[in-house]
Amino acid sequence: MTQTLDIHLLEPETAATRAAALAPLLKALGDENRLTLVLLLAERPHTVRELTDATGMGQTLVSHHLAPLRDQGLVTVTPRGRANVYALCCDALVTPMRLLATLASSSPEGLDACRTADGACD
């Protein structure tokens, strides 16, 4: 049995306009390294040093991947002493990023999130 969602489709013009606005954001998130950084930032703000330690990437590579995320407004930067603290742009982005991370894992929460009423996982 397939679960039915109550989704209202957009008018074609509206959908095309929203898709055009959304494409650059998804492109910025489409890189595995950038997505790793976003998932870490969904947990809490981090300095570049913390991100390099957590990912094993070098400082230059972390900074390189943070740039398109900043350019798209997905990540903010706040100077703190000699370091910069990076955070997700808004709380509204934290929940979907955490949900994606949960769904991508093989945890019971991830499996439960995709189960239909009959217990099957779509």
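Residue indices begin from 1 for each chain and proceed along its sequence in written order. pLDDT decides what is reported in this predicted model: residues at 70 or higher carry local features, side-chain atom pairs at 80 or more are listed and counted, and totals for whole chains, interfaces and linings draw on all residues regardless. The basis for the side-chain values is all heavy atoms of the structure; hydrogens and waters are excluded.

Q: Could you give an account of the overall build of the protein chain, naming the residues involved and the relevant values?
A: Summing up its helical and strand segments, the protein chain has 6 helices and 3 strands in all. In this description a helix means any DSSP run of H or I spanning at least four residues, a strand means any run of E spanning at least two, and both kinds are numbered starting from the N terminus. The linear arrangement of helices and strands in the protein chain, starting from the amino end, is α-α-β-α-α-β-β-α-α. Burial classes follow relative accessibility: with a 1.4 Å probe on protein chains only, a residue under 20% of its type's maximum area counts as buried, one over 50% as exposed, and anything between as partly exposed. Counting all 122 residues of the protein chain, 24% fall into the buried class. In what follows, residue pairs with any heavy atoms lying within 4.5 Å of each other are defined as contacts. Across the protein chain, contacts joining residues at least 24 apart in sequence account for 44% of those joining residues at least 6 apart.

Q: Outline the environment of G58, listing residues and values.
A: Residue placement: G58 occurs in the loop between helix 3 (48–55) and helix 4 (59–71). For the pair formed by G58 and V48, sequence separation is 10 residues and the distance between their alpha carbons is 9.5 Å.

Q: Run through helix 3, naming residues and quoting values.
A: Of the residues making up helix 3, those classed as buried are V48, L51 and T52. Axial view of helix 3: buried residues confined to an arc of 100 degrees, hence all on one face. Counted as exposed and oriented over 90 degrees from the buried face of helix 3: R49 and D53. An arc is given here, and it is the one of the directions from the helix axis to the C-beta atoms.

Q: Hey, could you go over helix 4 for me, with residue numbers and the actual values?
A: Two residues of an α-helix separated by three or four positions point the same way, owing to the 3.6 residues in each turn. A rise of 1.5 Å per residue sets the reference length of helix 4, with its 13 residues, at 18 Å; its end C-alpha atoms lie 18 Å apart and thus fit the reference within 8%. Here helix 4 has its buried residues at V62, H65, L66 and L69. For helix 4, the angular spread of buried residues about the axis comes to 105 degrees, placing them on one side. Relative to its buried face, helix 4 has exposed residues pointing more than 90 degrees away, namely T60, H64 and D71. Elements that come into contact with the buried residues of helix 4 comprise helix 1 (12–29), helix 2 (32–43), helix 3, strand 2 (75–80) and strand 3 (83–88). A helix is expected to span 1.5 Å multiplied by its residue count minus one.

Q: Describe the environment of T95, and please don't skip the residues or the numbers.
A: Counting through the fold element by element, T95 comes out in helix 5 (residues 91–104). Expressed as a C-alpha distance, the spacing of T95 and E43, which sit 52 residues apart in the sequence, is 9.8 Å.

Q: Can you break down the sheet that holds strand 1 (residues 46–47) residue by residue, with the values?
A: Strands pair, by our definition, only if DSSP identifies at least two bridges between them. An order of 1-3-2 is seen for the 3 strands of this open sheet, with the pairing classed as antiparallel. With one partner strand each, in any of the chains shown, strand 1 and strand 2 form the two edges of the open sheet. With 6 bridges joining them, strand 2 and strand 3 adopt antiparallel strand pairing. Its bridge partner being in strand 3, R80 is matched across the sheet by A83. All axes are obtained by fitting lines to C-alpha atoms, using only the stretch in contact for helices, and the reported angles, taken between N-to-C directions, cover 0 to 180 degrees. Taken strand by strand, helix 2 contacts strand 1, strand 2 and strand 3, and its axis lies near 90 degrees from that of strand 3.

Q: Can you explain the nonpolar core? Please cite residues and give values.
A: The definition of a nonpolar core used throughout is a set of buried Ala, Val, Leu, Ile, Met, Phe, Trp, Tyr and Cys residues joined through side-chain atoms within 4.5 Å. Core analysis: the biggest nonpolar cluster contains 19 residues, and L41, V62, L66, L69, L74, V75 and L88 have the highest contact counts within it. Looking at this core, the elements that each hand over two or more residues are helix 1, helix 2, helix 3, helix 4, strand 3 and helix 5. With 4 residues, helix 2 is the single largest residue contributor to this core. Once residues within four sequence positions are removed from consideration, L74 is found in contact with L25, A28, L29, L69, A87, L88, C89 and L93.

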